[in-house]
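Structural features, examined
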Amino acid sequence: MSGVWVFKNNGVMQLVENPSEHHGSTASSKRKVLVHLPSGKVVSSYSSLDQILKGLGWERYYDGDPDLIQFHKRSSIDLISLPKDFSKFNSIYMYDIVVKNPNVFHVKDM
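What this report covers is the structure whose coordinates are included nearby. What you see is a predicted model; the values in this text were computed from it and never measured. (Residues numbered from 1 in each chain as written. Predicted model: local features only at pLDDT ≥ 70, side-chain atom pairs only at ≥ 80, totals over all residues. Heavy atoms only, no water.)

With respect to the helices and strands, the residue Gln70 is situated in strand 6 (residues 68–72). Excluding residues that lie within four positions of it along the chain, Gln70 makes contacts with Glu59, Arg60, Tyr61, Gly64, Asp65, Leu79, Ile80 and Ser81. There is a polar contact of 2.8 Å between the side chain of Gln70 and the side chain of Ser81. (Helix = DSSP H or I, 4+ residues; strand = E, 2+ residues; numbered from the N terminus. Contact = heavy atoms within 4.5 Å. Polar contact = N/O pair within 3.5 Å; in protein donor to acceptor, adjacent residues only side chain to side chain.)

Below, the structure is given as structure tokens:
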């Protein structure tokens, strides 16, 4: 038995086995996107993210895990690690980018 427990308005919990198909979805099941604030555009690929990060002083880091795309800044100890497969790029990675680049990115529900 797997799925997500959802609280109804009357306080009763219900197990939803496939939350993406559940019509009464909660805010946590909404798809999140990373928005580049200066341009207002949604980051839709690693190539666009790569260009933005390079413009902010981030460089690709190749000495790490081969299953990750990594960026570092020479001026800090920060490292951004992302899964090579963009389809696995989720809100955890998005918020990591937001924290390390204040006032440049925002995570938004779609």
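Now for the pairing of strand 1 (residues 4–7). Where strand 1 meets strand 2 (residues 13–16), four bridges bridge the pair, whose relative direction is antiparallel. Counterpart to Val4 in the pairing with strand 2 is Val16. Here strand 1 hands over to strand 2 after five residues, with Gly11 in that stretch at a positive phi of 90°. (Pairing = 2+ DSSP bridges.)

Pairing in this open sheet of three strands is antiparallel, and the strands run 4-3-8 from one edge to the other. Because the sheet does not close on itself, it has two edges, and the strands there are strand 4 (41–42) and strand 8 (105–109). Of the strands in this sheet, strand 3 (32–36) and strand 8 are in contact with helix 2 (residues 91–100), which crosses strand 3 at around 25°. (Axes fitted to C-alpha atoms, helices over the stretch in contact; angles between N-to-C directions.)

Further remarks concern a nonpolar patch on the surface. Taken together, the side chains of Trp5, Phe7 and Met13 present a nonpolar region at the surface, about 380 Å² in accessible area. Looking at the element boundaries, Phe7 is found in strand 1. (Patch = residues over 30% accessible without salt bridge, like charges linked within 9 Å, V, L, I, M, F, W, Y side chains within 5 Å. Areas by Shrake-Rupley, 256 points an atom, 1.4 Å probe, with all protein chains shown as cover. Salt bridge = Lys/Arg side-chain N within 4 Å of Asp/Glu carboxyl O.)

A word on the pattern of salt bridges. Per the stated rule, a full pass over the model turns up four salt bridges. For Lys32, the salt bridge is made with Asp109, and the minimal N-O distance between the two is 2.5 Å. In this pair, Lys32 sits in strand 3 while Asp109 sits in strand 8, placing the two residues 77 residues apart along the sequence. Judged by its relative accessible area of 24%, Lys32 falls in the partly exposed class. Lys54 is the partner of Asp50 in a salt bridge, and the nearest nitrogen-oxygen pair spans 3.2 Å. Note that Asp50 and Lys54 are positioned in helix 1 (residues 46–55) at a spacing of four residues, about one turn of the helix. When its relative accessible area of 16% is taken as the criterion, Asp50 is described as buried. (Buried < 20%, exposed > 50% of the residue type's maximum accessible area, 1.4 Å probe, protein only.)

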